[in-house]
Structure formats: C-alpha cells, structure tokens
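# Structural overview
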Amino acid sequence: MTMSTPAHHPALTLIRLPHAEDLDLPAYETVGAAGMDLRAAVPAETPLNISPGGRALVPTGFIFEIPTGFEGQVRPRSGLAFKHGITCLNTPGTIDSDYRGEVKVLLVNLGGEAFFVERGMRVAQMVIAPVIQANIREADGASATARGAGGFGSTGSK
Ligand SMILES: O=c1ccn([C@H]2C[C@H](O)[C@@H](COP(=O)(O)OP(=O)(O)OP(=O)(O)O)O2)c(=O)[nH]1
Ligand SMILES: [Mg+2]
C-alpha cells in the first residue's frame, strides 16, 4: 500500500458528550477505510425502534470540529442497507466545519420489519472531504456553450 503523508490527515477534534461516556471513539475500521464508523449513543436500556417506513434521528454522542476547508459526509453502511433496508434519509448528510452541535444520523427504515438501534451499534460512517466554497456573483445572461440548455438525455440514450 502507498504510504500516506501527514498532509492527508487533517486534525479532527472530537468532543465527547456525557451520554457517550462509555462509547468507543468513532474510528476507521481498516487502514484504508474512507469513512469512520459512527456509533449510536442511545440508552442501553431503551433501544430505538424504527418502524418500517419510519425514520429516526440517532445521536452519536460527539461534537466534531471539522477543520476549515473540509466537511463531514454522513453516509449509510452498505451492510445495514442490504440486510435490513436501513439507510440515511439525507445521504450524504452534511456536517459543516462551523457546526458545534452533536452529530446525528438520520436513519430511515426501507425494510419490511422493525429495526432496533442498540447502544454502540455502528449506524453510519463519516467521510471527511475537502470543500470548495465558490465566490457567488450574479450575471444577466449565461455564456454560450455547445450543450446550451440541453440536458436530461439530450445527448441520446446509447
Ligand atoms: O446528517 C446530518 C446532517 C446535518 N447535521 C448537522 C450538522 C450540519 O452542519 C447541520 C446543518 O445541516 P444541513 O445544512 O444539512 O441542514 P439544514 O436543514 O440546512 O439546517 P441549517 O439551517 O441549520 O443549516 O446539522 C447532522 O448532525 N447530521
Ligand atoms: Mg444548511
């Protein structure tokens, strides 16, 4: 495997909230993992029940201080999607670098059975990605291109 350089590892500070007291830190499960898994900080005694077709906001128990110039993307886990129809409703969820609240995961149950989210369950993964903020300006007309306003299959279906 290619060696990583420190430039590829921006510092990420996590602040543990009281209800995450005993939870593992979100972590990359393998050396080459793109995302760190996020665990559910729901009470151990009351798993969160998501009915078929229902949705729930699952606390992670951590504040993420995403470095400036980056974002956090909350993405589904394919295993939960495949086995249970559990995915993130707003995927990818966007975590802004200036957000200082608890990261939460918006799950939806597209499966046919109730799904119970238990404490410590890895419910989603977060990818840290660079962000480019555009300089926004307004203009009177759009510049000419070969495509013009064609879209939605205008180049043909094959
Ligand atoms: O899956 C998600 C998506 C968002 N957030 C938090 C972090 C993010 O920085 C903030 C706002 O998210 P977003 O911009 O997607 O939501 P909005 O509906 O536009 O709310 P706001 O008006 O607060 O920006 O909510 C999460 O914890 N989990
Ligand atoms: Mg917003």
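Residues numbered from 1 in each chain as written. Chains lettered and ligands numbered in written order. Predicted model: local features only at pLDDT ≥ 70, side-chain atom pairs only at ≥ 80, totals over all residues. Heavy atoms only, no water.

Per an unreviewed UniProt entry, the protein goes by the name Deoxyuridine 5'-triphosphate nucleotidohydrolase and belongs to Sinorhizobium alkalisoli. Its UniProt record gives the protein a comment under Pathway (unreviewed entry), which states: "Pyrimidine metabolism; dUMP biosynthesis; dUMP from dCTP (dUTP route): step 2/2." According to the UniProt record, the Sequence similarities (unreviewed entry) comment for the protein reads "Belongs to the dUTPase family." (UniProt positions renumbered as here; feature names shortened; annotations may be inferred.)

Quick look at the sheet that holds strand S3 (residues 36-39) now. Pairing in this open sheet of five strands is antiparallel, and the strands run S2-S3-S11-S6-S8 from one edge to the other. Two strands in the sheet have a free side with no partner beyond their single neighbour: strand S2 (27-28) and strand S8 (93-95). Sheet topology places strand S6 (residues 70-75) next to S8; three bridges connect them, and they run antiparallel. Bridged to Val74 within S8 is Gly93. (Pairing = 2+ DSSP bridges. Helix = DSSP H or I, 4+ residues; strand = E, 2+ residues; numbered from the N terminus.)

Let us look at the nonpolar core. Counting 26 residues, the largest nonpolar core has Val74, Val105, Leu107, Val117 and Met126 as the members making the most contacts within it. Listing elements by their share of this core, those giving two or more residues are S3, strand S5 (55-65), strand S7 (86-88), strand S9 (102-109), strand S10 (115-117) and strand S11 (122-130). If one sorts the elements of this core by residue count, S5 sits on top with four residues. Those residues in contact with Val117, other than ones at most four positions away along the chain, are Ala40, Val42, Pro47, Leu48, Ile50, Val58, Leu107 and Val123. (Core = buried A, V, L, I, M, F, W, Y, C linked by side-chain atoms within 4.5 Å. Buried < 20%, exposed > 50% of the residue type's maximum accessible area, 1.4 Å probe, protein only. Contact = heavy atoms within 4.5 Å.)

This next bit is on the side chain of Thr87. Inspection of the secondary structure assignment puts Thr87 in strand S7. You can call Thr87 buried: its relative accessible area is 18%. Apart from the residues lying within four places of it in its own chain, the contact partners of Thr87 are Pro76, Leu106, Leu107, Val108 and Leu110.

The four strands lie next to each other as S1-S5-S9-S7, forming an open sheet whose pairing is antiparallel. Looking at the sheet topology across the chains shown, the edges are occupied by strand S1 (13-16) and S7. Within the sheet, the average angular offset between the axes of one strand and its neighbour, ignoring direction, is 45°. Where S5 meets S9, six bridges bridge the pair, whose relative direction is antiparallel. When the bridges of S9 are listed, Arg55 appears paired with Val108. (Axes fitted to C-alpha atoms, helices over the stretch in contact; angles between N-to-C directions.)

So, about the pattern of salt bridges. Here the structure, examined in full by the defined rule, presents six salt bridges. Through salt bridges with shared partners, one network takes in Glu29, Asp37, Arg77 and Arg122. (Salt bridge = Lys/Arg side-chain N within 4 Å of Asp/Glu carboxyl O.)

Surveying the vicinity of ligand 1 reveals the residues Asn90, Gly93, Thr94, Ile95, Asp96, Tyr99, Glu102, Val103 and Lys104. Here an oxygen atom of ligand 1 sits 3.1 Å away from a polar atom, N or O, in the side chain of Asn90. Expressed as a share of its isolated accessible area of 570 Å², the protein-covered part of ligand 1 is 48%. If you list the elements that add at least two residues to the shell around ligand 1, you get S8 and S9. Its residues assigned to classes, the shell around ligand 1 comprises three nonpolar, three polar and three charged. (Near = heavy atom within 4 Å. Polar contact = N/O pair within 3.5 Å; in protein donor to acceptor, adjacent residues only side chain to side chain. Areas by Shrake-Rupley, 256 points an atom, 1.4 Å probe, with all protein chains shown as cover. Nonpolar A, V, L, I, M, F, W, Y, C, P; charged D, E, K, R; others polar.)

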